[in-house]
Amino acid sequence: LTSSTTGERLHVIHIAAEMAPVAKVGGLGDVVTGLSKALQKKGHLVEIILPKYDCMRHELVRDLKLLDVPVESYFDGHLFKNKIWVGTVEGLPVYFIEPQHPSRFFSRGQFYGERDDFKRFSFFSRAALELLLQAGKRPDIIHCHDWQTAFVAPLYWDLYVAKGLNSARICFTCHNFEYQGAATASDLESCGLDVYQLNRPDRMQDNSAKDRVNPVKGAIVFSNIVTTVSPSYAQEVRTAQGGQGLHGTLNSHSKKFVGILNGIDTDAWNPATDPLLEVQYNSSDIEGKAENKEALRRQLGISSADLRQPLVACITRLVPQKGVHLIRHAIYRTLELGGQFVLLGSSPVPQIQESCREFEDIENHFRTHEHARLLLKYDESLAHLIYAASDMFIIPSIFEPCGLTQMIAMRYGAIPIVRKTGGLNDSVFDVDDDTIPVHFRNGFTFLTADEQSFSNALERAFHHYKHDADGWKQLVQRDMRIDFSWDTSSLLYEELYAKSVARARAANRT
Ligand code: ADP
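Everything numeric in this text was worked out from a predicted model, so none of it was measured.

As for the domain arrangement of the chain
So, step 1. Domain annotation of the chain identifies domain 1 (11-263 + 487-509) and domain 2 (287-484).
So, step 2. Computed from C-alpha coordinates alone, the two centres of domain 1 and domain 2 are separated by 32 Å.
So, step 3. Every contact between the two is made by 21 residues of domain 1 and, on the other side, 15 residues of domain 2.
So, step 4. Elements that contribute at least two residues to the side of domain 1 that touches domain 2 include exactly α1 (27-41) and α7 (231-236).
So, step 5. When residues of the side of domain 1 that touches domain 2 are assigned to their parent elements, the largest contribution, 4 residues, is made by α7.
So, step 6. Classifying every residue of the side of domain 1 that touches domain 2 by side-chain character gives 7 nonpolar, 11 polar and 3 charged.

Some words on the site of the ligand
So, step 1. Taken together, the neighbourhood of the ligand is formed by 18 residues, with G26, G27, S346, A383 and L404 sitting nearest.
So, step 2. In the shell around the ligand, the residues fall into 7 nonpolar, 7 polar and 4 charged.
So, step 3. Three or more residues apiece are contributed to the shell around the ligand by two domains, here domain 1 (11-263 + 487-509) and domain 2 (287-484).

Quick notes on the sheet that holds strand β19 (residues 444-446)
So, step 1. Taken in spatial order, the 6 strands of this open sheet run β16-β15-β14-β17-β18-β19, and their pairing is parallel. Every other strand in the sheet has two partners, leaving β16 (372-375) and β19 as the edge strands with one partner each. Geometrically, the sheet is characterised by an average inter-axis angle of 15 degrees between neighbouring strands, direction not taken into account.
So, step 2. Of the pairings in the sheet, the one linking strand β14 (residues 311-317) to strand β15 (residues 340-346) comprises 7 bridges and is parallel in character. Within β15, the residue paired with V312 across the bridge is F341.

Looking at the pairing of strand β7 (residues 141-145)
So, step 1. β7 sits mainly inside the fold: 5 of its 5 residues count as buried.
So, step 2. Burial of the side chains of β7 extends over both faces: I141, H143 and H145 are buried on one face and I142 and C144 on the other.
So, step 3. In terms of strand pairing, strand β1 (residues 11-15) meets β7 through 4 bridges, oriented parallel. Bridge pairing in β7 links I13 to I142.
So, step 4. Where β7 meets strand β8 (residues 169-174), 5 bridges bridge the pair, whose relative direction is parallel. Within β8, the position partnered with C144 by the bridge is F172.

Quick notes on the rules
- Residues numbered from 1 in each chain as written.
- Predicted model: local features only at pLDDT ≥ 70, side-chain atom pairs only at ≥ 80, totals over all residues.
- Domains from an automatic or database assignment.
- Contact = placed C-beta atoms within 7 Å.
- Helix = DSSP H or I, 4+ residues; strand = E, 2+ residues; numbered from the N terminus.
- Nonpolar A, V, L, I, M, F, W, Y, C, P; charged D, E, K, R; others polar.
- Near = placed C-beta within 6 Å.
- Pairing = 2+ DSSP bridges.
- Axes fitted to C-alpha atoms, helices over the stretch in contact; angles between N-to-C directions.
- Buried ≥ 20, exposed ≤ 12 C-beta atoms within 10 Å, placed from the backbone.

Written out as structure tokens, the structure is:
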């Protein structure tokens, strides 16, 4: 154990809809695990509460067992029993809540995208607080994430403090302001919140519809600490253009709002130990990268004729945010430039993702192509091999709260080519930009979200790769050595937590 900065051991509870690797859709799952592990390493007591999804990877939970006593929680005027399971994930203690509700909320074969998501997650938020109350826990910090567990903030202050669960400060992290979970105001009643009190402009009322409530807005108003996942994104969402309707609310609460760049789990993402690679390698000896490239090419059935032929990759959810038209453009432009392209793209909500369907045609088109392969699925193992195999990695996002793939790519020696937005702007600095100190330059960036600007960045990357092999090798090694671990970011969370706890204690004394 390393010792905490503040010298005090904090008890932190995360209440979340995702946790890598047992229940992961995107970056949220990685953050919950990465931040928790880093805080635990610093000596804090960290526990996590998750729904018990039927589709989660049960085999990754150690010592999963059912607790003897069920927890009863309120919903729609009734009390429902919840089975409480406890187990260990990545060395962290996790509680899984399995509601005994006729709607079988978390036995749907998928994490999100159900018609009744608002009900599913408001139920879960309340059950999680009920678990803390009935278990007699006295956490210092309850940390909730995204709209799915945003209900925790108003539930805590409006109902649970009075019941005696009153030791905590609430921290809310919004990982993506695009998803706010707004719904008809009366839906809020089900979990026991007072619609009359909360459907007001300064509380949970949606900023664009008087008859709707907005869980993310509620969490901004009701939390002690509000964070998002990069400093640049925190700036962007405070503007009318980037705020997705919440810029006014964020500006009114700006004192408690801060952007902290996510880290990555450097144990899980480590090319020197990664068991999913063909060959492990490290920044001092990057020969293994070439073998992984060959392995991927063989596995996907694309040409292995030229080892130096640059391999460009993209691993993403295929949603408009990720700049799908630019991703499509990059496939064709890469081939024109003489490179190879691999896309691993998933759609979290298959039935409604138009952008994913578009790619199915292109996937068919490239099914037997010598130099390109599109794989439309979520595949964790393949993702590891692609990061290791690729020379360049594209992320042309329209907006990007933090983005983890650019950091993972760099750790595996794939040079990122990204649009300058949100967390990409805070972590990727252009190789050709003379205003940036040389040792910070680590990739290629472009500003305008159009094909021309993106092509320009891609072409510059190809130029460096082809004409300056030594320079490229040094760039790969430099990128692999950048510290993207949670050590720094977790320190910032730790300070926020500690300050908030200290403020509360000082206030209680007066
Ligand atoms: P977001 O949370 O918006 O999806 P991030 O960049 O923050 O984007 O996190 C994406 C995470 O999900 C990364 O760990 C990435 O490797 C992983 N990922 C995304 N799409 C896929 C996929 N199709 N298969 C495997 N992993 C994926």
